[in-house]
Each structure stands twice: as structure tokens, then as C-alpha cells.
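Listed here are the chains, written in short residue letters.
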Amino acid sequence: EEDDINLGVGDDYTQDIDDPPNEFFLLNQWEIAAARQSISKMYKVESDFDIIHLSKSEIQKATKLTTQQITEFMVSTSFPLCENISTRNVLEMSQDATLKRRLSTGCSAIDECLRGGFLPYGITEIVGESGAGKTQFAMQLALQVQLPIEEGGLGGKAFYISTEGGVPTQRLLQMAEGFKKKHPSMSKTSLMSGVYIEKVESIDLLYHLLENRLPEFLRKEHIRVVIIDSIAALFRHEYTHSESAQRAKVLWKHSNQLKLLSDGLGITVVVINQVADFFNNVSVAGSTMSGGRVIPALGLTWSNCVNTRVLLSKVKGSVSEVHPPLEEDDQEVTKKRKVTSVGLRRLHVVLASHLANGSCPYAVGVDGIIDVPSDT
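Here's what I pulled together on the structure shown here. (Residues numbered from 1 in each chain as written. Predicted model: local features only at pLDDT ≥ 70, side-chain atom pairs only at ≥ 80, totals over all residues. Heavy atoms only, no water.)

### What to know about the pattern of salt bridges
For the coordinates displayed, the defined rule picks out 7 salt bridges. A salt bridge links Glu 221 to Lys 157; its shortest N-O distance comes to 3.4 Å. Taken together, the residues span a long stretch of sequence, with Glu 221 in helix α10 (residues 203-221) and Lys 157 in strand β2 (residues 157-162) at a distance of 64 residues. Take Lys 157: its relative accessible area is 27%, and that puts it in the partly exposed class. Between Glu 177 and Lys 188 there is a salt bridge; the shortest N-O distance is 3.2 Å. One end of the pair, Glu 177, is in helix α8 (residues 169-182); the other, Lys 188, is in helix α9 (residues 188-193), and 11 residues separate them in sequence. You can call Lys 188 partly exposed: its relative accessible area is 31%. (Salt bridge = Lys/Arg side-chain N within 4 Å of Asp/Glu carboxyl O. Helix = DSSP H or I, 4+ residues; strand = E, 2+ residues; numbered from the N terminus. Buried < 20%, exposed > 50% of the residue type's maximum accessible area, 1.4 Å probe, protein only.)

### A short note on the packing of aromatic side chains
For any pair of aromatic rings, geometry is given as the distance between the ring centres together with the angle between the planes. Within this structure, the stated rule accounts for 4 aromatic pairs. Their ring planes at 70° and their centres at 5.6 Å tell us that Phe 159 and Phe 217 sit as a pair that is edge-to-face. In this pair, Phe 159 sits in strand β2 while Phe 217 sits in helix α10, placing the two residues 58 residues apart along the sequence. Phe 217 sits in the partly exposed class, given a relative accessible area of 24%. For the pair Tyr 196 and Phe 217, a centre-to-centre distance of 5.0 Å together with 90° between the ring planes defines the contact as edge-to-face. Of this pair, Tyr 196 sits in strand β3 (residues 195-199) while Phe 217 sits in helix α10, placing them 21 residues apart in sequence. What makes Tyr 196 partly exposed here is its relative accessible area of 23%. Members of the aromatic cluster, joined through ring pairs, are Phe 118, Phe 137 and Tyr 362. (Phe/Tyr/Trp six-rings, centres within 6.5 Å; stacked < 30°, edge-to-face > 60°.)

Take a look at the structure:
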């Protein structure tokens, strides 16, 4: 006579891990919770996003689950992350005005090279040698974003994350003074109050900001551009050459979070990067600059994370800048007018699926990034 087997909710029943599964669900909610606890204890991770980026071998080490159980555990963990994903057809996307917008740089030659400016999605990297104007570029974008859409802005505010040196508030004040003269509808007070600055001194603090604090703040304050100046500073200081594998994993995690913010909220993300000396025959968008052959810092891993890369370089030559501009005919202004020589710079489009490779000249003047004569 066969025994009746009734496995209720309270029954203590576990399947032998060596037995082949007789149904799809191998783990119940308590076993999933126990696995999460073991992973958190071993690797000091809490969020679903961090857990799904662990390898199967790392999860197996912490939980002792079988390969099939790990697969189910990963599916269960990643499912909540997919709840907000929406699918749109091509017609809907073609009619989405936000995908056609560009953040103007305020320099007509650069805007022409970029077909209107920077995209409001993905990661845009500005890379260059010291003195090429990377931070000047970033601060100008922080002002430009506040313009109405019809004037080349995005009608929002800027969030500026500084990772090295002092926060450039005095230079930003100087640029805002010149900016309001070009755009009389903007006041110096409104421009400065439209730029939020956060100083971050470690990789962990940066990720905590990106994942926990920033999303709600971006929505609340109508932030339209996030700038990190610079990404290389933190990673160069905290990881040695022998820790490249760990650095690659952390880089990937940070870039993913930036893309989630950009794609989810329609925010332009601009990341400043430094350059490294070029020593071998394998180049990642290398370029010859004033100091010799260089490549962007952080290597191939980071290069695969960015969507658009523009490279700034110093070139021979200079142009004259008249300040205040000649358009201002006030007698007192005329007395203070000066002509100074500023060094030439050049922007190169290195990586962009929507742009052809190209370059254009520019200069860094008193009021920020400026155009140079077309015959330069």
C-alpha cells in the first residue's frame, strides 16, 4: 500500500542537491533569503544590482548552491530590476522629442562638429591633457544646460561632482558673469543657484551618491546634466596595477549606474577623464598631443563603457581675445577693454555612433570656451 505524501507549507522538505530537478522552482523564498544573507556577509553587498554582477563561482562559494540553483537565484534577484523597463516601437521613439535634443556647448564650431551638441543619454567622456580646457568645458556645460531648449540648453540645472582639487567656484562665478551678458534673460544669481556641487573623495562614496542619494535629488531639482570631474582621479589612487581585475569590475558597476540614471531620467552624463602615456602598439583611441603619444586613462574596460568620446588637445598657435567684447559700446567698458593672446586648442571626435570622426579649433577665453576665426 502506497503512503500518501502531502507536503504542506510547514513541512521540512529539501531536495537532494545531486538529484535532477523535477520542477522548475528549486529554491523557496527562505532559501533565497538565506543565500542573499550569505552573499552579503562574504562580499559586503546589499543591493540586487550588486549581487547580479557577482560571478557564478563567487555565488557558489558563498552559498554552496548548485549551478541550476544559482541560475534560479539570479533570475529571482534580477527580476525586480526589470519592472520599470518599458518597450516602445520605432514610431514612438521617432516622435520622442527628448531623443532629438542636444546640449549646446556654447561654441558654434564645436556644436557643428557634434551636430548640435551632446546627447541627453549615455555617457559622454571629455578626455585630454592638462591645460586643454576639460574643466572649463565642464563648467560651461553647467551653465549652458540652464538655457531654454530653444536656445540650446535643456531647461534644467547641473549637478557637478568634483573628485580632485578644490571646487572651481571662483572660475564659475567669472564665467557666469560673461554668460549673462550673452544671455540677458539669465541672471548671475539664477545661474549660480542652478549648479549643485558635491565633492567626493573615494570610490565608495561616489557609488553611494550615484545609487542612493542622487536619483531622487535629480527628480526633485530638475537636474538635466551630471558632470564628474574626474573619473580617473579616484581609480588611479585606490587601485594598483595588480588590482586591474577588481578595478574593471568596479568601473563597470559605476558606468552601469550612470547609464541607468541617464536613460531612466533623460539626463546628459559628462565624465572628465585624464590621459596616460602610450607605451606599446595597442592603442585605445590614442592621439598625439603636445607632450607626445597618449591614450585615455583607465584602459579598455572604461573605453567600452562610454558612448561618446571627445578628445581635447593643445595645438601650436594663438588667437587674440578682446575683452569685454566689441559689441559692448559703453564708454566705461571701452576704457577697460583689453586684448590678450590665448592658446589654441582642438576638439577631436574619437568615438560616437551618431557622428563622423572630425575635429575643430577652439580657445579658452575669459568667459569660457570660445570660437576662433575660421581660417585658424
